[in-house]
There are 2 protein chains.
Amino acid sequence: MTPRQDGKISLQLPNLGSQLSWEAAELRPLLAAFSVELPEAQPPSAEQVEKLKEFAGGDYGHEAVQSVAAAAFLYLYLSVASKYGVLPTVDILVWSELPTGAGLGSSAAYSVCLAGALLFGCGAVSYPLQEGQETARWTKEELDVINRLAFRGEQVIHGNPSGVDNAVSTWGGALRYISGQISVLKSVPTLRILLTNTKVPRSTKILVAGVKAKLLEFPTIMEPMLATIDAISRECEGILEAMTKDPSQEHYSRLEDLVDINQHLLNGIGVGHALLDRVCQVTSSHGLHSKLTGAGGGGCAITLLRPGTAPSAVEDAIRDLTRCGFECWETVIGAPGISAHALPCLKAEVQKALKGS
Amino acid sequence: MTPRQDGKISLQLPNLGSQLSWEAAELRPLLAAFSVELPEAQPPSAEQVEKLKEFAGGDYGHEAVQSVAAAAFLYLYLSVASKYGVLPTVDILVWSELPTGAGLGSSAAYSVCLAGALLFGCGAVSYPLQEGQETARWTKEELDVINRLAFRGEQVIHGNPSGVDNAVSTWGGALRYISGQISVLKSVPTLRILLTNTKVPRSTKILVAGVKAKLLEFPTIMEPMLATIDAISRECEGILEAMTKDPSQEHYSRLEDLVDINQHLLNGIGVGHALLDRVCQVTSSHGLHSKLTGAGGGGCAITLLRPGTAPSAVEDAIRDLTRCGFECWETVIGAPGISAHALPCLKAEVQKALKGS
């Protein structure tokens, strides 16, 4: 986010090929309608979201990801401006390497970053980065403010999100989600994973509806299966905690067993896909264990890598997965949440995009 | 079984390429050691089985299916002869089209047929077929006697069998097996199935040991999974009963869902195999639903066919499965158990084998 002096607000999303800008004077009349003095639980109304999409304009089409992204930005901007009485005239450039609609929470990462930037822009949170630091994070209290606002962005994008995605983008590490309650796991190791996008489009809403229908049709079968998935999470939590104290190959072996069992159960409740099974088969032929991530039904799979997994085994798996038409990234889970990064530490292409703006 | 007058007993297993015969005078000295006045639960001892394998002779090797089959025959023959004081001098020819070691209960079918024939040979059960009938079955009381003896044959072959296989071969239809207790389901429809042999060899003992090890390692996960498999059986029992009253496509649709869920759970508890998954994938591409049968880990899969499944769909599926190197048969489940068949109703190749003997 960089200040500009011409009374305009711009939003650049180079990875989506989108560039929009508005006059602060245009936005001012909308402020009254976007007061965040709403009860916490009340989501943005469908009318508000529609209005913002129209206002966002652009030639992307009403349901396009660019249009939705612009609406979420405007909602967050107007909410913050309304609450703090400031309309910061800024250039906002969001660089995102996450595929959208793949179940990776790209919208949450987007909402959290916007929330952090806009709250700082209005003076509601500090800027944590000190001279000479490469990255820095906000205080717990500030992160809580960022997370709450980001959830509103998620509501604009998803309608009725669980809040898990924005929470993990805010806090990092790993979270526990039980009956709508989110809590942070105290100690989790950073796990090396391979993330594979099958590129099969899926709808979380349709998948959730399918599970609910099966639960109604076969309650005595679906209930214990869902309970087993829950038991796997709890077992996994214990292993992750033990790993931070005494990491051993035995822990990885247990995690691999749980990955396999969970994948079979997810297939059993009806959120699998033949191409997710393909990912599992291909990685299994390289001795690696995979499961779907997100809502399932397509989207991405994660493959657990051990610290000692040979680069050649990973490269071979990536080659075979790429041949199936999938896209792979090696990354980690259990990484930090929202952080402020010093400009010189950013990747060259991001610096270039920032200069171009 | 046909009587012979030369004081010999012969066992012909043309499908195994095995032909053995003994003098009744040779067998008489063994009678004392095979009295069935043993407690019901006491299985044949390892020494008895070893002795019978040696006695059976043949050039098949000690653990060969032919040697085990001969030992089971001799055990049943001597048990019956000892109990009823008769050594029937007979030719026994067993025609079996079931693959051995594929988890299809071929040994139970063999034991039950031998038990029925030998008990009739000693006058312990009647011969149920009346003039002009094509097939006939024994009374409940007689079937119970046949089943109990057949279980001894299974013990010779498997050591510690559950008794389910000989029970279903005896009674036919479908059975309920709960905590070692077997009971017959009152009304079950005859279901068309495709039976596919992956030809992957597997050991029931090793598979059971694997499940037990997982149960010890992850009790909170494995217990609800096993309970879910149990719930599927109970749900299925209800559907099968409803189908005999009012068969509908809706019932098949529910059975197909349960087949899929069960297959995923069986994979989850660790008794799947990549080639069983292949069967599921191939049949799924023809709109058909499959699961492993028997102990899993290889062996056979069953594919449910609806009464209205087009022959061309089945043929296409069989073609694709055969291309994978599998062997398929279309058959039914819920058929009658042990039956006496009139000679003219047997297949030509069986009649030919009988004449050759």
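Criteria and thresholds
- Numbering of residues begins from 1 in every chain and follows the order in which that chain's sequence is written.
- As they are written, the chains are lettered A onward and the ligands numbered 1 onward, keeping that order.
- Predicted model: local features are reported for residues with pLDDT of at least 70 only, side-chain atom pairs are reported and counted for 80 or more only, and whole-chain, interface and lining totals are derived from all residues.
- The side-chain quantities take in all heavy atoms of the structure and omit both hydrogens and water.
- UniProt positions are given in the numbering used here, feature names are shortened, and annotations may be inferred rather than shown by experiment.
- Secondary structure is summarised from DSSP: a helix means a run of H or I of at least four residues, a strand means a run of E of at least two, and numbering begins at the N terminus for each.
- Whether two residues are in contact is decided by their heavy atoms: any pair within 4.5 Å suffices.
- Accessible area that two parts lose when put together, evaluated with a 1.4 Å probe and summed over both, is termed the buried area.
- When a carboxyl oxygen of Asp or Glu is within 4 Å of a side-chain nitrogen of Lys or Arg, the pair counts as a salt bridge.
- Think of a polar contact as two N or O atoms within 3.5 Å of one another; within protein, one of them needs to be a possible hydrogen donor and the other a possible acceptor, and neighboring residues in sequence only count if both atoms come from side chains.
- Side-chain classes follow a simple rule in which Ala, Val, Leu, Ile, Met, Phe, Trp, Tyr, Cys and Pro form the nonpolar group, Asp, Glu, Lys and Arg form the charged group, and the remainder, Gly included, forms the polar group.
- For two strands to pair, DSSP has to find at least two bridges joining them.
- Each axis is a line fitted through C-alpha atoms, and for a helix only the stretch in contact is used; angles between axes span 0 to 180 degrees, taken between their N-to-C directions.

A. Structural view of the UniProt feature "domain: GHMP kinase N-terminal" (unreviewed entry) in chain A. Taking the numbering used here, the UniProt-annotated feature "domain: GHMP kinase N-terminal" (unreviewed entry) corresponds to residues 79–173 of chain A. With 52% helix and 6% strand, the stretch residues 79–173 of chain A has end C-alpha atoms that lie 28 Å from each other.

B. Fine view of the interface of chain B and chain A. Contacts between chain B and chain A engage 21 residues on the former and 21 residues on the latter. Interface area for chain B against chain A, summed over the two sides, is near 2,000 Å², with a carbon-plus-sulfur share of 65%. For the pair chain B and chain A, the interface holds 2 salt bridges. At the surface where chain B touches chain A, the tally comes to 2 residue pairs in polar contact (both at pLDDT 80 or more). Only helix 7 (204–217), helix 8 (219–245) and helix 9 (249–268) of chain B provide two or more residues apiece to the side of chain B that touches chain A. Across the side of chain B that touches chain A, the residue classes tally to 9 nonpolar, 6 polar and 6 charged.

C. Focus on the sheet that holds strand 11 (residues 327–333) of chain B. Residues and elements named next belong to chain B. Judged by pairing direction, the sheet is antiparallel, and its 4 strands sit side by side in the order 9-10-8-11 without closing on themselves. Both edges of this open sheet fall to strand 9 (289–292) and strand 11, since each of them pairs with a single strand only. Recorded for the sheet is a direction-independent mean angle of 30° between the axes of neighbouring strands. By the bridge criterion, 7 bridges tie strand 8 (residues 191–197) to strand 11 in an arrangement that is antiparallel. The partner of T196 across the bridge, within strand 11, is C328. Packing against the sheet, helix 11 (residues 311–323) makes contact with strand 8, strand 10 (300–305) and strand 11, and its axis sits at approximately 15° to strand 8.

D. Geometry of the UniProt feature "domain: GHMP kinase C-terminal" (unreviewed entry) in chain A. UniProt marks residues 251–319 of chain A with the feature "domain: GHMP kinase C-terminal" (unreviewed entry), using the numbering shown here. The distance from the first to the last C-alpha atom of residues 251–319 of chain A is 27 Å, and the span holds 55% helix and 13% strand.

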